[in-house]
Amino acid sequence: MKVSAFEVASRYVYPSLRRRLVEILRERGLKQTEIAELLHITQSAVSRYLRMDRGALIDVSSFQDIDERLRKLAGWVLDEKPDEYLIQRELMKIALEMLGKGYVCSFHSGIDPELEPGRCKVCLELFGQG
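Only a predicted model underlies this, so the values are computations on that prediction, with no experimental measurement involved.

Engineer: So, the overall build of the protein: which residues are in play, and what are the values?
Structural biologist: Scanning the protein from N- to C-terminus turns up seven helices and zero strands. When the helices and strands of the protein are listed from N to C terminus, the series reads α-α-α-α-α-α-α. Against the globule reference of 14 Å for 130 residues, the protein gives a C-alpha radius of gyration of 15 Å, in line with a compact fold. Seen along its three principal axes, the alpha-carbon backbone of the protein occupies a region of about 45 × 30 × 25 Å. Per-residue burial over the protein gives 44% buried out of 130 residues. Long-range contacts, defined here as pairs at least 24 residues apart, represent 73% of the contacts in the protein between residues at least 6 apart. Averaging the positions of the 20 positive and the 20 negative side-chain charges in the protein gives two centres separated by 2 Å.

Here is the structure:
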């Protein structure tokens, strides 16, 4: 395995979660500048997420439970206006949940030809519920 689970999480999962969070906030009628302020990121980053230039390799909306968690996170961000560290913590929790449920395994094997999906149980054992 050349690409670790942590690299997959930081380079692909986390940006995809953030992109989906931006989309959800946009669906609620917020402007790009408002989203940027709430999430403590730049307006240009928001624009790149919405154009699918960033965080577009994993469609996290296809995982109903993850999408629901992100919708709840969006509501919390709107209501509480948490600082960037609290938002990051929550996004990281969701990223680890995705890894622990095996949602990222097929993507991981697609970007790392040396990964043996039948043998790799790293994420399931480290981040799974069982």
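So that's the structure; there's more coming.
Engineer: So what's going on with unusual backbone geometry? Which residues, and what values?
Structural biologist: Residues other than glycine seldom take positive phi values, yet His40 does so here, at roughly 60°. Of note, His40 is situated in the loop between helix 2 (32-39) and helix 3 (43-50). Taking the relative accessible area as the measure of exposure, His40 reaches 40% and is therefore partly exposed.

Engineer: I'd love a proper account of the pattern of salt bridges, names of residues and values included.
Structural biologist: Oppositely charged side chains may form a pair once their charged atoms are brought near each other. In this structure the tally under the stated criterion is 15 salt bridges. Close ionic contact of Glu90 with Arg89 constitutes a salt bridge, the shortest N to O distance being 2.8 Å. Linked by salt bridges that have partners in common, Arg19, Arg20, Glu23, Glu27, Asp67 and Arg71 make up one network.

Engineer: Tell me about the nonpolar core, residues and numbers included.
Structural biologist: When a protein is soluble and globular, its nonpolar side chains tend to lie buried together. In this structure, Leu17, Leu39, Ile58, Leu70 and Met98 are the most contacted members of the largest nonpolar core, which totals 39 residues. No other element matches the 11 residues that helix 1 (residues 5-27) contributes to this core. Not counting chain neighbours up to four residues away, the residues in contact with Leu39 comprise Leu21, Val22, Leu25, Val77 and Ile87.

Engineer: Lay out the side chain of Glu90 in plain terms, naming residues and giving numbers.
Structural biologist: Position of Glu90 among the secondary structure elements: in helix 5 (residues 84-100). With relative accessibility at 14%, the residue Glu90 sits in the buried group. Sequence-distant contacts of Glu90, that is, excluding residues within four places in its chain, are made with Leu73 and Trp76.

Engineer: Quick one: what's the story with the packing of aromatic side chains, residue by residue and with numbers?
Structural biologist: Summed over the entire model, instances satisfying the criterion amount to three aromatic pairs. Seen in terms of ring centroids, Phe63 and Tyr103 are 4.4 Å apart; in terms of plane orientation they differ by 10°. Their pairing is stacked. Remark: Tyr103 occurs in the loop between helix 5 and helix 6 (105-111) and Phe63 occurs in the loop between helix 3 and helix 4 (64-80); sequence separation between them is 40 residues. Taking relative accessible area as the criterion, Tyr103 reaches 24% and is therefore assigned partly exposed. In this arrangement the basic side chain of Arg54 is found over the ring face of Tyr49, its NZ or CZ atom lying 5.4 Å from the centre.

Engineer: So what's going on with the packing of helix 1 against helix 4? Which residues, and what values?
Structural biologist: The relative placement of two packed helices is expressed as an angle between their axes plus a distance between the axes. At a closest axis distance of 9 Å, the pairing of helix 1 and helix 4 adopts a crossing angle of 60°. When the axes of helix 1 and helix 4 are compared, the pair comes out oblique. Viewed along their axes, helix 1 and helix 4 form a crossing whose handedness is right-handed. Along its contact with helix 1, which presents Leu17, Arg20, Leu21, Ile24, Leu25 and Glu27, the element helix 4 presents Ile66, Asp67, Leu70, Arg71, Leu73, Ala74 and Leu78. A class-by-class count of the residues in the contact of helix 1 with helix 4 yields nine nonpolar, no polar and four charged.

Rules and cut-offs
Residues numbered from 1 in each chain as written. Predicted model: local features only at pLDDT ≥ 70, side-chain atom pairs only at ≥ 80, totals over all residues. Heavy atoms only, no water. Helix = DSSP H or I, 4+ residues; strand = E, 2+ residues; numbered from the N terminus. Rg over C-alpha atoms; globule rule 2.2 N^0.38 Å. Buried < 20%, exposed > 50% of the residue type's maximum accessible area, 1.4 Å probe, protein only. Contact = heavy atoms within 4.5 Å. Lys, Arg positive; Asp, Glu negative; His and termini not counted. Charge placed at Lys NZ, Arg CZ, Asp CG, Glu CD. Salt bridge = Lys/Arg side-chain N within 4 Å of Asp/Glu carboxyl O. Core = buried A, V, L, I, M, F, W, Y, C linked by side-chain atoms within 4.5 Å. Phe/Tyr/Trp six-rings, centres within 6.5 Å; stacked < 30°, edge-to-face > 60°. Lys NZ or Arg CZ within 6 Å of the ring centre and 35° of its normal. Axes fitted to C-alpha atoms, helices over the stretch in contact; angles between N-to-C directions. Parallel < 35°, antiparallel > 145°, perpendicular 65-115°, else oblique. Left-handed = near helix turned anticlockwise from the far one by under 90°. Nonpolar A, V, L, I, M, F, W, Y, C, P; charged D, E, K, R; others polar.

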